[in-house]
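# Observations on the model geometry
Spelled out, the chains give:
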Amino acid sequence: MIVLFSLLVVEDERWIRRGICETIDWTTEGIRLTGEASDGEEAMRILARHSPDIVITDIVMPGMDGITFLKNLRDQKVDSKVIIMSGYSDFEYARNALKNGAFDYVLKPIHEHNLLGVIRRCVQELKHKRQAESELHGLIRSARETLFLARQRLFEMILLRKEPYSPGWIAEQMKTLQIDLHPTRTRTFAVKIVDWGRKAETDRDRALILYALCNMLEETGRRFGPAVAFPVHHQTTAGEAELAMLHSESDPHGRQEPAIVSDLPRLIDQAGLMLGVRISIGYSGEAHLNGLSEMFEEALQAAAFWFYDGGGSLCDAKRLASALQADIPYYGPAAWDRRFVSAMNVGDLKLLEQLVRELAEHMYAHQNKCLPLTIRRGLKLLFENVNQKSDAFHRRKQTDSTVTLDLPPCSLEAFADVLLETVSRALQDDRPSRSRKWIVERALQYIESNRDHTVTMNDVAAHLYLNHSYFSKVFHEEMGETFSKYVLRSRIEAAKRLLKETPLKIYEIAGQVGYNDIRHFTKIFKEFEGLTPMQYRDYGI
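Described below are features of the structure shown in this document. (Residues numbered from 1 in each chain as written. Predicted model: local features only at pLDDT ≥ 70, side-chain atom pairs only at ≥ 80, totals over all residues. Heavy atoms only, no water.)

It is the contact of helix 19 (residues 483–501) with helix 21 (residues 518–529), at a shortest axis distance of 10 Å, that shows an interaxial angle of 95 degrees. Considered as vectors, helix 19 and helix 21 are oriented roughly perpendicular to each other. Each of K485, L488, R489, I492, A495, K496 and L499 in helix 19 lies in contact with helix 21, whose residues at this interface are F521, I524, F525, F528 and E529. Split into classes, the residues belonging to the contact of helix 19 with helix 21 amount to eight nonpolar, no polar and four charged. (Axes fitted to C-alpha atoms, helices over the stretch in contact; angles between N-to-C directions. Helix = DSSP H or I, 4+ residues; strand = E, 2+ residues; numbered from the N terminus. Parallel < 35°, antiparallel > 145°, perpendicular 65-115°, else oblique. Contact = heavy atoms within 4.5 Å. Nonpolar A, V, L, I, M, F, W, Y, C, P; charged D, E, K, R; others polar.)

See below:
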């Protein structure tokens, strides 16, 4: 039986109190006995620590009687259901108790079936109350969610639509949705998650992180004036902003920078510490609500400087001022898409690596000519051309091994390496021997760079965008041993070097080679070397 409710028994005669506590199987009734008291004053002390759902109390007790006890509960807003025990001579007293909020009464001497009848009615009423509260909370939550979604749809419409709205329409919509932004002094913020970290393993994880980050952003904004934050899902901004915020400062006068800017670096740090994500924020100047689409484009352009800077940054649209004059469309190197598709079709990894490096160098050369968002949008079009040409080739050849190339989620500095790993994944079904060597080389680099914590085969396969079974087969064939055997052996070799060459303590060495448990490290070391780490160091082998 699931225990749903708690019970406190108050009775000055111990034998009656113990009889109530011990003769009834309260667990079967869905009740847990919270405690017992010999008078009203002791009961009040218990109630200060616990909040039982049901209280059974005698009406005549020394010190504080039942009526006074009931009045104290009411004064302190304790929401327990109180059942009064009363003798026949105290019947009028019991009726008075009912007037003061008692649920019901039972007459002494107490008969189990009479008491259980009252208890069960009390439990049913508590269940109905909980259900009603749950339904009410559900309605409130649903209303909030509906309001949140309505606000999100409205602002996505405003931010992404270029045509002007009829006069007064936006103000009318905002009034309906309980939004108090200033009609002529509203600023837009675009938030880009440049690294989702290790906590975002599933779509649900990402949704929860977005929800939490949205709340943090809006909470920060409201310290300085009206604010509303929401996720942005429209394909126009796909990959360039996960969240947007509209904000009006309460007191904007006499400052060169908006006051909220002073708190945004702390928000960026908190997002990393609490949510495990790395974000960049761009913000626009102030505008009339009818001009928010232009201001949102400014915020997107400012936020996109993470692509040049590496993320974790806060950028004002003022940075765009000089760059906008020089901004030109970006198309990539001449005929790059055609050359890349040809190299993919023949599986020439060496040529593909040259093409990826060429593209990265080309982007570096255009940093002073193009805004980062311009380059990223140009890359999306370039990769779409690659995918279309690849699709056309495989349709002609009547094969199903079409390659899909997506814009890597990384900065310009890491672009070439990440794109090469993507290419490796795309070629996994038909890859020349030098490609297998390339896979193993990068796997070994990843293992070495993560020596201080546990790295699994799935971690490495995911890092290289490979199927774990395929990676396991390639690694075993190229290295002559399994992945797990190699990792164990390489850690032990690293530990041996540290034992010989450094004065580090054994537990410090264990930590540096990825073992948090020194006993486990000692056991593995002895299995490989026939000696414990301390013996190995002492013998000076």
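Attention now goes to the sheet that holds strand 8 (residues 243–247). Pairing is mixed in the open sheet, where five strands are placed in the order 7-8-6-9-10. Every interior strand has two partners, whereas the edge strands, strand 7 (227–231) and strand 10 (314–316), have only one. Ignoring which end each strand starts from, the neighbouring axes of this sheet average 20 degrees apart. Direction of pairing for strand 9 (residues 278–287) relative to strand 10: parallel, over a ladder of three bridges. Looking across to strand 10, one finds that G282 is bridged to C315. Relative to the sheet, helix 7 (residues 203–222) contacts strand 6 (186–195), strand 7, strand 8 and strand 9, its axis offset from that of strand 7 by approximately 165 degrees. Packed onto the sheet, helix 9 (residues 292–303) meets strand 6, strand 8, strand 9 and strand 10 and runs at close to 145 degrees relative to strand 9. (Pairing = 2+ DSSP bridges.)

So, about the nonpolar core. Counting 55 residues, the largest nonpolar core has F340, L359, M363, L379, F383 and F415 as the members making the most contacts within it. Within the second largest apolar cluster, 28 residues are counted, among which are V191, I209, L264 and I279. (Core = buried A, V, L, I, M, F, W, Y, C linked by side-chain atoms within 4.5 Å. Buried < 20%, exposed > 50% of the residue type's maximum accessible area, 1.4 Å probe, protein only.)

By the element assignment, S80 lies in the loop between helix 3 (66–75) and strand 4 (81–86). A relative accessible area of 12% means that S80 is categorised as buried.

So, on to the packing of aromatic side chains. The final tally for this structure, using the stated rule, is 13 aromatic pairs. With 6.3 Å between their ring centres and 35 degrees between their planes, W336 and F383 make a pair best called tilted. Taken together, the residues span a long stretch of sequence, with W336 in helix 12 (residues 336–346) and F383 in helix 14 (residues 372–396) at a distance of 47 residues. F383 matches W336 in its accessibility class, with the two residues each being buried. An angle of 45 degrees between the planes, with centres 5.6 Å apart, marks the rings of Y515 and F521 as tilted. Grouping residues by exposure puts Y515 and F521 together as buried. Its guanidinium or amino end placed over the ring of F307, R376 lies 5.3 Å from that ring's centre, counting from NZ or CZ. In this structure, R491 packs its charged tip against the face of Y515, placed 5.2 Å from the ring centre. (Phe/Tyr/Trp six-rings, centres within 6.5 Å; stacked < 30°, edge-to-face > 60°. Lys NZ or Arg CZ within 6 Å of the ring centre and 35° of its normal.)

As a further point, take the sheet that holds strand 1 (residues 5–10). Taken in spatial order, the five strands line up as 2-1-3-4-5 in an open sheet, and their pairing is parallel. Only two strands of the sheet have a single neighbouring strand rather than two, namely strand 2 (31–37) and strand 5 (104–107). When the angles between neighbouring strand axes are averaged without regard to direction, this sheet yields 20 degrees. Of the pairings in the sheet, the one linking strand 4 to strand 5 comprises four bridges and is parallel in character. Of the residues in strand 5, the one forming a bridge with M85 is V106. Strands strand 1, strand 2, strand 3 (54–58) and strand 4 of the sheet are contacted by helix 1 (residues 14–23), whose axis makes an angle of about 170 degrees with strand 2.

By the element assignment, L210 lies in helix 7. The class for L210 is buried, based on a relative accessible area of 13%. Sequence separation between L210 and I193 is 17 residues, and the spatial gap between their C-alpha atoms is 9.4 Å. Aside from chain neighbours lying at most four places away, what touches L210 is I193, W196, E242 and L243.

Within strand 8, five of the five residues are buried, which leaves the element mostly enclosed by the surrounding structure. Burial of strand 8 is two-sided: the residues L243, M245 and H247 facing one way and the residues A244 and L246 facing the other way are all buried. Relative to strand 8, strand 6 runs antiparallel, the two sharing five bridges. In the strand pairing of strand 8, F189 is matched with M245.

This part takes up the pattern of salt bridges. Side chains carrying opposite charge are able to pair once their charged atoms draw close together. This model, assessed by the stated rule, comprises 27 salt bridges. Notably, a salt bridge pairs E218 with R222, separated by 2.8 Å at the nearest N-O pair. Note that E218 and R222 are positioned in helix 7 at a spacing of four residues, about one turn of the helix. The shortest N-O distance in the salt bridge between K496 and E493 comes to 3.4 Å. Taken together, the positions of K496 and E493, both in helix 19 and three residues apart, correspond to about one turn of that helix. For K496, a relative accessible area of 15% corresponds to the buried category. Salt bridges sharing partners connect three or more residues here, namely R17, R18, E22 and E36. (Salt bridge = Lys/Arg side-chain N within 4 Å of Asp/Glu carboxyl O.)

Interpretation in functional terms is not warranted from these geometric data alone.
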